[in-house]
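Spelled out, the chains give:
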Amino acid sequence: MAPAPSRLGASLPLPPDLAMCRRVAARAEELGYESLWVADTGAGPDAFVVAAAAGLATRRVRVGTAVVPIYTRALPVLAAGAGSCAQLMAGRSFVLGLGVSSETIVEAWGGVPYRRPLTRMRETVGAVRRMLAGERVAFEGKTVRTRGFRLVSPPPAPVPIYVGALMPPMLELAGEVADGVVLNFMPVDAVPRMLAHVRAGAERAGRDPATLEVVARFQTVVTDDVPAARDAIRQMMGPYFATSAYNRFVAWCGFADEARAVDAAWRAKDRTANVAAVTDELIDRLAIIGSAEHCRARLAECLQAAMTTLPAGPASSPVVQLLYWVYRPIPFMEDCARRFGDVFTVRFPANPPFVFFSHPDAIREIFTADPDRLRAGEANRPLLRLLGDHSLLVLDGARHLAERRLLMPPFHGERMQAYGAIMRDVADRTIDAWPLGEPFPIHPRMQALTLDVIMRTVFGVAEGSTFTRLRERLTRLLAMTGSRFAPLVLLPFLQVDLGLFSPWGWLVRIARDVDEILFAEIRRRRAEGGAGRDDVLSMLVEARYDDGTAMTDQELRDEMLTLLLAGHETTATSLAWVFHRVLERPDVLEKLRTEVRDAAGDGPLELRHVAELEYLDATIKETARLTPILPIVARRLEEPTSIGGHELPAGAVAVPCIYL
Ligand code: HEM
């Protein structure tokens, strides 16, 4: 949580065998681990004895309990155990980690009622802290009490007290009263969420959250035999996750079904089903299993998650993440989703963090949020500089609204009738030119068709030398924006004009050639007036903002390019996918043919028929769902915002992802 230096600690084996613990402790110190952590099985060997043994086997490393139960030792016993360990390790730090443990250890084995865990923890931390400070303590709490107790030999230095916590109330209590928090058995993507609660607790108590240490325990198995390691972890997790605190926690982490199954099997005393309910997916999210390289990379991710308020994500360098995003976007997204769940953070050089969301609820939150706080234009602007400052895609707030008011009318009513007829005629002509009886790639044909439609309906240029020249230049521009260099050109720091041999320099020159024709065309339209013309450019030349002013040449140019870039490749690729999907399914093709025939008979298809083509509409929508053309959109956060339960800082970019 705190942007403090990270340190690698190790946990001693569980259940501990004293001789083995000594060996592991000595070896861990040799290997450079900074701290050693001792858990308490509740059934021995005693955690303080193990800690002492580890302390004696080492010279420098920090030792701590992570954690010992607060219920099974009376306050003086806790203080004496911790105080003795601290004395034994004078000159280095000993940490007392406390936890509430489970009903089995506390009630069944210890015979102590497992009640009011939060109050008990708060009171225990307060009383034990005073005891360890050497004070004479009298305390009358709701869950613990002591009178006239003083440690005979208080520790030479203060003993920090950490709290083991899983769910929000205990995490917040840790933030309020403890010197550190111990997290255990959690998926990496839950860490920022957990730490947000610790921070909230600390802030509520007027403490600086950065002063708290986070001990995050990740079960790690370096192995070639992943299935065998999974099975070993599964054996351990089954009973663990049947305890009430862990069961609720696993559900909180998004594994509600697994939590229910683990619990039901445990209650039915069906140990096999209890263990089997721990799915591979759950294990892979909660434990780190694989080659040394894999484990190292995953641990780096865990570290990053503990040091930021952002959801977890790949820890590889931003340049590597960018290359994946540019050249292998789909496997990259899928891999992230598999490892981090439905929220993850991706980092690119010189960019704010991008937080991907794929849960429908989170996506709804983003789309229904106040557009002044989640800003689409600001998120797009660095990527879409080519479109100019007036493009609808890079504007927010009042300017976006004003521009949209002007741009919407051409896309309604009668205008669409006219465009429909143009689209049909262009499609007819294009299809007539297709070769018969031989295969051909559909995507370039759809690109050509879409460009023709946009030239006619949006630019209002249908023939002659302007048509030929504009078509040729737009084709070059679109080829460049669709090339494999394109994603690089979207990066602000690569948007440098180094002449024709730099991708940006090249793009800028092609755009300039397009601009030359466009500005001439705009001048001509202004001179001739838009009467009798249906195209979008003519309408926009005539349009007026609320204050009565017309669009400037630059505004018109920016919107024309926007409509071209937003409308061309999206439509062409969508159409190509529809062909692909429909040709795979002769039954669907047949149904579509029948529907069109029933609607239009032998006559040409008119716009009025379109409303009747329900199956066609469904086919297109299903294709868009299966193969979304734009897998993501982006919103830059104007202020800190909670999305899907994640507190995101201002400046981060929220990315709803329809693909995942
Ligand atoms: C199947 C084809 C298309 C797809 C999949 C598609 C998809 C999208 C998406 C995902 C957005 C961003 C929405 C957001 O950030 O919330 C968008 C915005 C936009 N699209 Fe399309 N689009 C398509 C066709 C077109 C066409 C044909 C045009 C115009 C000729 C167009 C013009 C625009 C414009 C101007 C915006 C910005 C709207 C605004 O900021 O108010 N799109 N489109």
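By convention here, each chain's residues receive numbers from 1 onward along its written sequence. Thresholds applied to this predicted model are a pLDDT of at least 70 for local features of residues and 80 or more for the giving and counting of side-chain atom pairs; totals over whole chains, interfaces and linings are not thresholded and use all residues. Hydrogens are left out, water is left out, and the side-chain values use all remaining heavy atoms of the structure.

**Here's the deal with the overall build of the protein**
Part 1: Across its full length, the protein carries 28 helices and 19 strands.
Part 2: What you see for the protein is a C-alpha radius of gyration of 32 Å, clearly larger than the 26 Å of a compact globule of 660 residues, by over 25%.
Part 3: With respect to the principal axes defined by its C-alpha atoms, the protein has extents near 100 × 55 × 45 Å.
Part 4: Looking at the 660 residues of the protein, the share that counts as buried comes to 47%.
Part 5: Contacts are assigned to residue pairs with any non-hydrogen atoms lying within 4.5 Å of each other. Once local pairs closer than 6 in sequence are excluded, the contacts in the protein between residues at least 24 apart make up 67%.
Part 6: Where accessible areas are quoted, they stem from the Shrake-Rupley method and a 1.4 Å probe; at the residue level, only the protein chains shown are allowed to cover. About 31500 Å² of surface is accessible on the protein, with carbon and sulfur atoms providing 57% of the total.
Part 7: Positive charges come from Lys and Arg, negative ones from Asp and Glu, while His and the chain ends are left out of the count. Throughout, a charge is located at the NZ atom of Lys, the CZ atom of Arg, the CG atom of Asp or the CD atom of Glu. Mean positive and mean negative side-chain charge positions of the protein (76 and 79 charges, respectively) differ by 8 Å. A run of H or I in DSSP becomes a helix once it reaches four residues, and a run of E becomes a strand once it reaches two; helices and strands are each numbered from the N terminus. As defined in this context, the radius of gyration uses C-alpha atoms, and a globule is described by 2.2 Å times the residue total to the power 0.38. Accessible area is worked out with a 1.4 Å probe on protein chains only. A residue is then buried under 20% of its type maximum, exposed over 50%, and partly exposed in between.

**Some remarks on the domain arrangement of the protein**
A common way to express how large an interface is: the accessible area buried when the components associate.
Part 1: Reported domain spans reflect what an automatic or database domain assignment gives. You can read the domains of the protein as domain 1 (9-164) and domain 2 (387-584).
Part 2: The centre of domain 1, based on its C-alpha atoms, is set 69 Å off from the matching centre of domain 2.

**Looking at the environment of V191**
Part 1: Here V191 lies in helix α7 (residues 191-204).
Part 2: Separated by 25 residues in the primary sequence, V191 and A216 place their C-alpha atoms 8.4 Å from one another.
Part 3: In contact with V191, not counting residues within four places along its chain, are L183, M186, F218, A305 and A306.

**Some remarks on the sheet that holds strand β13 (residues 343-346)**
Part 1: At least two DSSP bridges between two strands are needed for those strands to be called paired. Pairing is mixed in the open sheet, where five strands are placed in the order β13-β14-β19-β16-β15. Each edge of the open sheet carries a strand with a single partner, namely β13 and β15 (374-375).
Part 2: Bridge count for β13 against strand β14 (residues 354-357) is four bridges, and the pairing is antiparallel. Of the residues in β14, the one forming a bridge with V343 is F357.
Part 3: Axis definition: a line fitted to C-alpha atoms, over the contacting stretch in the case of helices. Angles run 0 to 180 degrees between N-to-C directions. The strands touched by helix α15 (residues 329-340) are β13 and β14; relative to β13, the strand with the most contacts, the crossing angle is about 125°.

**A few points about the pairing of strand β8 (residues 161-164)**
Part 1: Residue alternation in β8 divides its side chains into two sets, I161 and V163 and Y162 and G164, and both sets are buried.
Part 2: Pairing of strand β5 (residues 94-99) with β8, which is carried by three bridges, proceeds in the parallel orientation. What sits directly across from L98, in β8, is V163.
Part 3: Here β8 pairs with strand β9 (residues 180-184) via three bridges, running parallel.

**Structural notes on the side chain of R456**
Part 1: The topology assignment puts R456 in helix α20 (residues 442-459).
Part 2: Among the residues examined, R456 registers a relative accessible area of 17% and is labelled buried.
Part 3: For R456, the residues in contact, after removing those within four places along its chain, are I422, V426, R429, V461, A462, F467 and D535.

**Details of helix α6 (residues 168-177)**
Helical periodicity: at 3.6 residues per turn, an α-helix aligns residues three or four positions apart in one direction.
Part 1: Of all 10 residues that make up α6, eight are buried, and the element is covered over most of its length.
Part 2: For α6, the set of buried residues is P168, M170, L171, E172, L173, A174, G175 and V177.
Part 3: Those residues of α6 hidden inside the fold are in contact with α5 (117-132), β8, β9, α7 and α9 (244-252).

**Overview of a nonpolar patch on the surface**
Part 1: Like-charged residues are merged into a patch within 9 Å and nonpolar side chains (Val, Leu, Ile, Met, Phe, Trp, Tyr) within 5 Å, provided each residue has over 30% relative accessible area and no salt bridge. Here a salt bridge means any side-chain nitrogen of Lys or Arg lying within 4 Å of a carboxyl oxygen belonging to Asp or Glu. Residues V319, L323 and Y327 make up a contiguous nonpolar surface patch of roughly 270 Å² in combined accessible area.
Part 2: In this structure, L323 sits in helix α14 (residues 318-327).

**With respect to the environment of E555**
Part 1: Mapped onto the secondary structure, E555 falls in helix α25 (residues 553-584).
Part 2: When the C-alpha atoms of E555 and D280 are compared, they prove to be 55 Å apart, with 275 residues separating the residues in sequence.
Part 3: Excluding its chain neighbours within four sequence positions, the residues that come into contact with E555 are H390, E403, Y545 and A550.

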